[in-house]
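Observations on the three-dimensional arrangement
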Amino acid sequence: MKVLQQDARQTTNFFTEDETLHKLLDMMLDKELFVYAKRELTDFGELCAGAIDVRAKHTDREGEPRLQRYNAYGEEVSQVWVNEGYKKTVEETYNTGIVGYVHKNIPQLGRKGNYVYSFAQGYLLSHAEPGFYCPVTLTMATAYLLDHYASDELKQRFLPHVCATGDTELYEGATFLTERQGGSDVGANIVKVRQDGHHYLMYGEKYFASNVGMCGVAMVLARIEGASTGSKGLTLFAVPWRLDNGKINNLRIRRLKDKLGVRAVPSGEVEFDGSLAYVVGEPNKGIYYMLEALNLSRICNAVASIGIMRRGFLEAKHYVTNRNAFGQPLIQYPMIQDTLGKYASKVHVEVATVFDLIQLYDKVKSGQGDEQDMVLNRLNIAIMKKETAEQAVHYASEAIELHGGNGFIEDFVTPRLLRDAQVLTVWEGTANILALELIRLVDKFYAHELFVRVMYERLTKLANGSLVQIVEEQLVKLEGTLQTFSRLDEATKSYEAKGVAEKMAHLYESVVAVEWAAKFGGKYEKLADIYLENTWALREIGAPMKTVQYFSDIM
């Protein structure tokens, strides 16, 4: 039996061998940005597969963040200790411009990057350290809110630091919404802000606040005294962690959460006791601003999910190739080939679909999208955040099973992938919250009709082959389901919404799959064939196993 090294990695670069990502960037970036991105992602892909991956294991197992409430003199400092390797990952990641180059020029190009490039970086990072991609996500959301809604004075004060790429001191960001009495019901929030002359002072507790102690500035929803109740009475504030004199901003960390996974990000309970806060945008629009940032965070969530899925696939493929059982490598057995073939098709299609979504998001955020683009953008984000999060958990578990007993041992990366994946079904909105978003979009904007029309339009541009016919047949069925769904009463809609969202995600992915099959043929046609057969349960018992027939081509 061939002995595997602990935590053996089958590749030294997560970018160079990812054909799907290469083709996506070639399609979605102009030539100048593509050449730059390819060079930079080659370096970052090697870093993620090497040093960042090693540090991530140390942070998860031995070096997780710790709260230091008091200094040697007994003074409350509420500092969070992180290990030196984690600090190095922070420096190296932000210096790539993963946040900054969405909002400022890339020096070598004299122009900004975009979200496609930023999310490609996040996808590679999530192969190794999805826990740290959470602070990156929060910093992206903070930069977005400051850039779009803050006054010029606030922008000048905070944005250069939030977008730092080694040129100035970095302020990581955070978004503090959750309070213990409200949870997802943000309208129940009770953190208060009092006006004191020209200043605003914040009082109260945020119960689940990620990146505490590491952020330089947090975006916080709170209620100015006298404001109306409910979500519409909330104002968005920028709250610096420290004051100009270096002292902590009249706040304390009660404790850090002991989480199942994503241990790299310090999540805790924060109490504000007269913390200096700055109004961002119009006082009565705080909830709308934060919901926009939430949609950005949901895309990050999906990107982390597909990063975990692909890392699990790479580890499983490597393991079954090198592990012998009953006289031959595991990869020679049809059952293994079937499992791995289905895994490969889902990873490819899901990555391609998430970046299809991101391309539309870039269009909308650059001001080039119309009202229908905005509605479709919200819809795509809701259904794909749900789908990718659930599939990350499923396929992380699948990767463990393909490793057998070794997959359950922390010497391998697979247990951490599963633990880190599980939170993605919760963060940025559970399946129930996303289902409510679907209902809102259907009721207010007839998003179901828009979705069907756009899917038909995309299919009509393709030659009418057998794979396209399969998707057209499923779209006809889905159209009927959506018409029925739109007419249901509120209670029944809420019961059916998650199942409907899943069918919409599968249809969206199916369209993307056949588009790739038509454009590139070869293995992408075979991957689409496997995806459609598996997703829509088309295979009859005893029929040929396409996963086995196509195995050498798709691997």
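Data block above holds the structure.
What comes next is a walk through the structure. Just so it is clear, the structure is predicted and the values come from calculations on it, not from any experiment. (Residues numbered from 1 in each chain as written. Predicted model: local features only at pLDDT ≥ 70, side-chain atom pairs only at ≥ 80, totals over all residues. Heavy atoms only, no water.)

**A look at unusual backbone geometry**
The phi torsion at Asn250 lies on the positive side, around 50°, for a residue other than glycine. The topology assignment puts Asn250 in the loop between strand 9 (235-240) and strand 10 (251-256). Since its relative accessible area comes to 41%, Asn250 is described here as partly exposed. (Helix = DSSP H or I, 4+ residues; strand = E, 2+ residues; numbered from the N terminus. Buried < 20%, exposed > 50% of the residue type's maximum accessible area, 1.4 Å probe, protein only.)

**Some details on the side chain of Gln121**
By secondary structure assignment, the location of Gln121 is in helix 4 (residues 115-128). According to the relative accessible area criterion, Gln121 is buried, its value standing at 1%. For Gln121, the contacting residues outside a window of four places in its chain are Leu41, Phe44, Thr96, Gly97 and Ile98. (Contact = heavy atoms within 4.5 Å.)

**A few points about the packing of helix 8 (residues 334-365) against helix 15 (residues 522-535)**
Viewed as axis vectors pointing N to C, helix 8 and helix 15 meet at an angle of 105°, and their least axial separation amounts to 9 Å. One element, helix 8, and the other, helix 15, form an angle in the roughly perpendicular class. Every residue of helix 15 that contacts helix 8 at Gly341, Lys342, Ala344, Ser345, Lys346, His348 and Val349 is listed here: Tyr524, Leu527, Ile530, Tyr531 and Asn534. Residues of the contact of helix 8 with helix 15, tallied by class, amount to six nonpolar, four polar and two charged. (Axes fitted to C-alpha atoms, helices over the stretch in contact; angles between N-to-C directions. Parallel < 35°, antiparallel > 145°, perpendicular 65-115°, else oblique. Nonpolar A, V, L, I, M, F, W, Y, C, P; charged D, E, K, R; others polar.)

**What about the layout of surface pockets?**
Roughly 1700 Å³ of volume is contained in the largest pocket. Lining the largest pocket are 50 residues, with Met290, Leu291, Glu292, Leu294 and Arg298 sitting closest to its centre. Looking at the lining of the largest pocket, the elements that each hand over two or more residues are helix 5 (130-149), strand 5 (172-176), strand 7 (199-210), helix 7 (286-322), helix 8, helix 9 (371-403) and helix 11 (431-445). Looking at the lining of the largest pocket element by element, the count peaks at 11 residues for helix 7. When grouped by side-chain class, the residues that make up the lining of the largest pocket number 26 nonpolar, 12 polar and 12 charged. (1 Å grid on protein atoms, 1.4 Å probe; cavity = no way out; pocket = protein on both sides within 12 Å on 5 of 7 lines; lining within 4 Å. Points joined across faces, edges and corners; volume = space filled by probe spheres on them.)

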